[in-house]
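What the coordinates show
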Amino acid sequence: IAFWYQYELQNKKLTTASQTAWSDPDKTLVKFAVVDKYTATFTYTKPKPMFIYNMTRGGTGGGATIAPLPVSPSHYMKEFHEDTTADKAALAADVKKRGFDAWETYYMQFARQWNMNPDRPTTGPWMPKNTLKEELFTIERNPYFWAVDPQGNQLPYLDKITHRLYAASAPDVLRLWVTNGEIDFQARFMTVGDIPLFKSGEAKGDYKTVIAKNAGHVAMQLNQSTKNALLNEFFNQRNVRIAISQAINRDQVNQLVFSGLMKPRQYSPLPMSPQYYEKASTAYINYDPDAANKLLDEAGYKKGADGIRLHKDGKTPISFIVEGTDAAGTPTEDAALLVTKDLEKIGVKMTYKFVERALYTQHYTANDIEAAWWGGDRTVLPLVPEAIIFRGVQPDRPWCPGWGFWYLQDPAKPNPNAVEPPKDHWIRTIWKIWDEEIAIEPDPAKQTAAFKKILDIWATELPMIGILGEQPAPTIVKNGFKGYPPGMPNDDTTGDEQFCSTETYYWDDPSKHTT
């Protein structure tokens with residue numbers, strides 16, 4: 001932990017922005033002290049009620065970000081760190097050999113990553129045997145994992161898990177693997193629109209389709225910090241966002257794409273959440289294209305000869321690209337295409353564009369994205385991940401990535417892609433409520449009451465355009481595979497299916513599943 005605190009958390013190359021888990025609301029860094037070999041203290045100037053949650057969300061510490069878990073095996077990692085290595089020339093040569101143009105990228109994307117550096121020690125239940133770049137990524141049980149079951153048996157039960165890589169541009173391949181019985185257990189990327197297909201393949205594939213609840217939403221983010229000046233003006237008008245929301249025929253999208261299995265709603269906490277708020281869920285979800293047209297007319301956006309409205313300059317058609325990682329043929333892409341038609345009816349041209357995840361990440365990181373089609377999750381326990389989507393600081397849901405970069409940036413090392421929001425903007429009120437009320441409030445009831453102030457702003461301003469939610473979440477479970485409790489909500493906050501402790505999964509007849 002001491003190595004992590006001194007050489008990772010405080011290294012400006014590795015930690016490029018303020019980490020809310022490790023700082024006070026005023027961005028003052030937490031004070032750390034070693035008490036003895038097994039004890040350390042973290043001292044904040046304000047109460048830190050979210051601290052315990054931060055400690056549960058980092059796995060074994062071998063992730064792509066420094067926060068949240070303060071774990072780094074110093075005896076191993078010190079030779080990969082430019083400030084502690086005994087051989088700087090050898091380290092520089094390895095950075096170059098592995099194709100990285102900077103040490104910090106090498107450190108974060110290779111040396112520190114548990115799934116890219118199999119030699120990195122881990123205290124977790126699983127040890128990688130190769131890297132995530134390979135088609136078959138294999139992890140094996142860690143015989144020194146710290147946990148045992150109530151009977152004293154060493155965990156994990158399973159000896160090996162294999163992950164098979166597939167191209168996001170070829171979703172039919174994944175579906176075929178499922179129905180052919182080639183997948184033993186899978187929740188991620190199993191979509192509600194594929195439930196009829198998965199159910200029809202159960203006998204052939206020797207599996208069951210277990211239905212839970214997914215915290216994600218079908219949603220669209222209009223980048224209110226976009227570099228495009230005309231779109232920036234357009235997206236930042238509340239009545240424009242309301243018009244776009246009311247132009248969407250959510251019932252049609254639900255019936256045609258998702259067989260009526262989802263529910264029209266804005267991005268907001270689910271009914272099972274302690275923070276559920278009906279007002280935020282139902283704001284402006286009524287289908288009313290006449291009202292939408294009227295709002296855009298009143299905002300001064302007149303239609304051209306082709307029916308597409310013009311920006312305030314009177315000559316530029318209102319048109320924007322919505323980027324998403326859902327390829328052609330996926331239910332979510334089908335939903336985006338239906339919304340495209342809805343918006344065309346009110347004179348707004350939207351174009352959906354599939355991009356690979358790496359390119360999508362590059363675009364939002366540079367605030368070089370106009371709009372996105374990425375469903376919002378973290379709606380079961382939204383406070384646990386510090387409400388990062390609701391606060392606009394989760395840039396892969398880019399409704400305001402530039403503002404989020406500005407809010408989180410280290411003043412000593414400004415983010416070149418940061419955009420300061422207007423002085424009187426409501427995003428500042430959201431940040432103020434979080435910093436001065438929620439983040440330092442130890443009483444859960446008072447936290448929730450304060451969070452509903454943020455949800456009131458969301459219900460009024462519509463920062464993000466939610467379309468559908470409360471979707472059934474199909475999980476593929478091979479017959480004979482045990483330990484997965486059906487009905488658990490799938491959400492990033494709870495680790496999706498990982499919340500159910502993969503180290504306790506097992507086969508009822510292990511002899512049938514040996515290699």
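Before going into details, it helps to say that this report is about the structure given with it. (Residues numbered from 1 in each chain as written. Predicted model: local features only at pLDDT ≥ 70, side-chain atom pairs only at ≥ 80, totals over all residues. Heavy atoms only, no water.)

What follows is about the nonpolar core. Core analysis: the biggest nonpolar cluster contains 43 residues, and M220, F234, F258, F320, L343, M350 and W373 have the highest contact counts within it. Looking at which element gives the most residues to this core, the answer is helix 14 (residues 331-344), with 5 residues. With near-sequence residues (within four places) excluded, L343 lies in contact with M220, I244, A247, I248, F320, V348 and M350. Core analysis: the next-biggest nonpolar cluster, separate from the first, contains 31 residues, Y267, F451, I454 and L455 among them. (Core = buried A, V, L, I, M, F, W, Y, C linked by side-chain atoms within 4.5 Å. Buried < 20%, exposed > 50% of the residue type's maximum accessible area, 1.4 Å probe, protein only. Helix = DSSP H or I, 4+ residues; strand = E, 2+ residues; numbered from the N terminus. Contact = heavy atoms within 4.5 Å.)

Once that is clear, we can look at the sheet that holds strand 10 (residues 319-324). The mixed open sheet is built from 6 strands, whose spatial order is 9-13-8-12-10-11. Single-partner strands in this sheet number two, and they are strand 9 (263-264) and strand 11 (349-354). As defined by bridge partners, strand 9 adjoins strand 13 (residues 465-469) across 2 bridges and the pair is classed as antiparallel. Residue K263 lies in a different strand from strand 13, and its bridge partner there is G469. Sitting on the sheet, helix 11 (residues 250-258) touches strand 8 (218-222), strand 9 and strand 13, and the angle it makes with strand 13 is about 45°. (Pairing = 2+ DSSP bridges. Axes fitted to C-alpha atoms, helices over the stretch in contact; angles between N-to-C directions.)

Right, let's talk about unusual backbone geometry for a bit. A cis amide bond, omega 0°, links L155 with the succeeding residue P156. One can find P156 in the loop between strand 4 (136-141) and strand 5 (160-164). We note that S259 has phi near 55°; this positive angle belongs to a residue other than glycine. For S259, the location among the structural elements is in the loop between helix 11 and strand 9. Residue E470 is not a glycine yet carries a positive backbone phi of 50°. The residue E470 is located in the loop between strand 13 and strand 14 (471-478) in this model.

Below, the discussion takes up the pairing of strand 13. Residues in a regular strand project their side chains so that they alternate between the two faces of the sheet. Of all 5 residues making up strand 13, 5 are buried, and the element is well covered by its neighbours. Pairing of strand 8 with strand 13, which is carried by 3 bridges, proceeds in the antiparallel orientation. Bridge pairing links V218 to L468 in strand 13.

Next up on the list: the side chain of N115. You can see N115 is positioned in the loop between helix 5 (103-111) and strand 3 (126-128). Setting aside chain neighbours within four positions, we find N115 in contact with N130, T131, L132 and F137.

It is worth spelling out the environment of I308 at this point. If you trace the backbone, I308 turns up in the loop between helix 13 (289-298) and strand 10. Judged by its relative accessible area of 10%, I308 falls in the buried class. It is 59 Å that separates the C-alpha atoms of I308 and A2, two residues lying 306 residues apart in sequence.

It is worth spelling out the pattern of salt bridges at this point. Applying the stated criterion to the full structure yields 21 salt bridges. Of the charged contacts, one joins E202 and K199 as a salt bridge, the two residues approaching to 3.4 Å between their closest N and O atoms. When the shortest N-O distance is used, the salt bridge between E461 and R241 registers 3.1 Å. With E461 in helix 18 (residues 444-461) and R241 in helix 10 (residues 238-246), this residue pair connects regions lying 220 residues apart in the sequence. For E461, a relative accessible area of 15% translates into the label buried. When its relative accessible area of 1% is taken as the criterion, R241 is described as buried. Among the charged side chains, a network of salt bridges with common partners joins D377, R378, D396 and R397. (Salt bridge = Lys/Arg side-chain N within 4 Å of Asp/Glu carboxyl O.)

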